[in-house]
Amino acid sequence: MAKEPYEFPKHIAIIMDGNGRWATKRGLPRLEGHRAGFRTVRDIVRYLGETGHIKYATFYAFSTENWQRPQAEVNGIFQLLNNSIKNEAMELNKNNVRIRWLGQTSSLSNKLIRDIRDAVELTANNTGITISLALNYGGRQEITDAVRQIVAENITPEDVNEETINDHLYTAGMPDVDLLIRTADELRISNFLLWQVAYAEFYFTPVLWPDFNRDELDKALQAFSMRQRRFGRL
Ligand code: IPE
Ligand code: IPE
Ligand code: MG
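In this text, all values refer to a predicted model and were calculated from it rather than measured experimentally. Each chain has its residues counted from 1, following the order in which its sequence is written. Labels are handed out in written order, letters beginning with A for the chains and numbers beginning with 1 for the ligands. Only residues with pLDDT of 70 or above have their local features reported here, since the model is predicted, and side-chain atom pairs are shown and tallied only from 80 upward, although totals for entire chains, interfaces and linings are computed over all residues. By convention in this description, side-chain values take in all heavy atoms of the structure and omit both hydrogens and water.

Q: Account for the site of ligand 1, with residues named and values stated.
A: If a single non-hydrogen atom of a residue is within 4 Å of a molecule or strand, that residue counts as near it. Around ligand 1 sit 13 residues in total, of which Met16, Asp17, Gly20, Arg21 and Arg69 are the nearest. Protein burial of ligand 1: of its 380 Å² of free accessible surface, 87% is covered by the chains. Per the convention used, a helix needs a DSSP run of H or I reaching at least four residues, while a strand needs a run of E reaching at least two, with both numbered from the N terminus. For the shell around ligand 1, the secondary-structure elements that each account for two or more residues are helix 1 (19-25), helix 2 (30-51) and helix 3 (71-94). Broken down by element, the residue count for the shell around ligand 1 peaks at three residues, all from helix 1. Here the residues of the shell around ligand 1 sort into three nonpolar, five polar and five charged. Exposure was quantified through the Shrake-Rupley algorithm and a 1.4 Å probe, taking into account, for residues, occlusion by the shown protein chains and nothing else. The residue classification treats Ala, Val, Leu, Ile, Met, Phe, Trp, Tyr, Cys and Pro as nonpolar and Asp, Glu, Lys and Arg as charged. All others, Gly included, are polar.

Q: I'd like a rundown of the nonpolar core, residues and numbers included.
A: Residues belong to one nonpolar core when they are buried, are Ala, Val, Leu, Ile, Met, Phe, Trp, Tyr or Cys, and are joined through side-chain atoms within 4.5 Å. Relative accessible area decides the class of each residue, using a 1.4 Å probe on protein chains only: under 20% of the type maximum gives buried, over 50% gives exposed, and in between gives partly exposed. Ile12, Leu48, Phe59 and Leu217 are the most contacted members of the largest nonpolar core, which has 42 residues in total. For this core, the leading source of residues is helix 3, giving seven residues. Aside from chain neighbours lying at most four places away, what touches isoleucine 12 is Leu48, Ile54, Tyr56, Ala57, Thr58, Leu179, Leu217 and Leu221. Listed in part, the 13 residues of the second largest apolar core include Ala13, Ile15, Val177 and Ala200. Whether two residues touch is decided by their heavy atoms; if any such pair falls within 4.5 Å, the residues are in contact.

Q: How would you explain helix 5 (residues 139-152) if you had to name every residue and give the values?
A: By this rule the span expected of a helix is its residue count minus one, scaled by 1.5 Å. Taking 1.5 Å of rise per residue, the 14 residues of helix 5 would be expected to cover 20 Å, and the 20 Å separating its terminal C-alpha atoms lies within 8% of that figure. Taken residue by residue, helix 5 has Gly139, Glu142, Asp145, Ala146 and Ile150 as its buried positions. Down the axis of helix 5, the buried side of the element spans an arc of 135°, and every buried residue falls inside it. The exposed set on the far side of helix 5, more than 90 degrees from its buried face, consists of Arg140, Arg148, Val151 and Ala152. Against the buried residues of helix 5 lie strand 4 (130-137) and helix 6 (162-168). As used here, the arc belongs to the directions running from the helix axis to the C-beta atoms.

Q: Give me the packing of aromatic side chains: which residues, what numbers.
A: Stacked, tilted and edge-to-face are the three classes assigned to paired rings of Phe, Tyr and Trp, where Trp is represented by its six-membered ring and a pair needs centres within 6.5 Å; plane angles under 30 degrees give stacked, over 60 edge-to-face, the rest tilted. The final tally for this structure, using the stated rule, is 10 aromatic pairs. Note on tyrosine 137 and phenylalanine 192: the rings are 5.8 Å apart at their centroids and 90° apart in plane angle, and the pair reads as edge-to-face. With tyrosine 137 in strand 4 and phenylalanine 192 in the loop between strand 5 (179-182) and strand 6 (201-204), this pair connects stretches of sequence that are 55 residues apart. Classification of phenylalanine 192 as buried rests on a relative accessible area of 0%. Centre to centre, the rings of tyrosine 199 and phenylalanine 231 are 5.3 Å apart; their planes meet at 50°, and the pair counts as tilted. Pair noted here: tyrosine 199 is in the loop between strand 5 and strand 6 and phenylalanine 231 is in the segment after helix 7 (214-226), with a separation of 32 residues, a long-range link. Owing to a relative accessible area of 46%, tyrosine 199 belongs among the partly exposed residues under this scheme. Taken together, the aromatic side chains of Tyr60, Tyr137, Tyr170 and Phe192 make up a single cluster linked through ring pairs.

Q: Which residues make up unusual backbone geometry, and what values go with them?
A: Phi angles above zero are rare outside glycine, and serine 107 is one such case at about 80°. Positive phi, normally seen in glycine, also occurs at leucine 193, with a value near 45°. Within the secondary structure, leucine 193 sits in the loop between strand 5 and strand 6.

Below, the structure written as structure tokens:
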């Protein structure tokens, strides 16, 4: 990771795209791309933990829209998750990583929900980087859930402000996204963290997610450090 003086983002969010294309390019089934993408996540998470400059990293693993993919691909992705969450959580816990989950329980198996909740609970008091897994996540769904919760709590309209909404999102307690990275040459947000990216810097790269690595992350961080953020001011 580049040396200081260097402005690091507090919170990075990554849309990990291009697993399927990576596999297709190699004549492999798409699921092999997801497998390779999974290895990339592990390495990037490890790198983030080792360097310790960034406090929050959020990974988009599965969107509420991804259910519309062929059943076999969806099953394959969830099998990968099911087989790994427990072990990953144990390893991350040893490294003082805190795990959070952004998303909805609906449509997930009870076992997976339990494994994720266990991982969150196991690591809740850790003080290192917070890794959030956006799994079965949709940005509009998140805002809708927040509104429902606010209404259910009988909060009066005059008492609803931006902080109220922040506090009811899946990301409650987390800082806004400073840097959003999307791989695989797609220039869109795909329903990811709509509220939280209000003033994020965007970094797009043609690199397919399985090919993304520590150097590519450094490049994104370098680019971020060159940006002049104004937040509407001069
Ligand atoms: C991202 O890779 C992973 C998920 C959305 C689950 P894709 O599977 O979208 O890969 P492409 O975009 O088809 O190449
Ligand atoms: C976004 O990628 C979702 C994840 C990376 C999990 P998609 O591949 O689903 O996005 P679109 O369909 O190209 O917008
Ligand atoms: Mg895609």
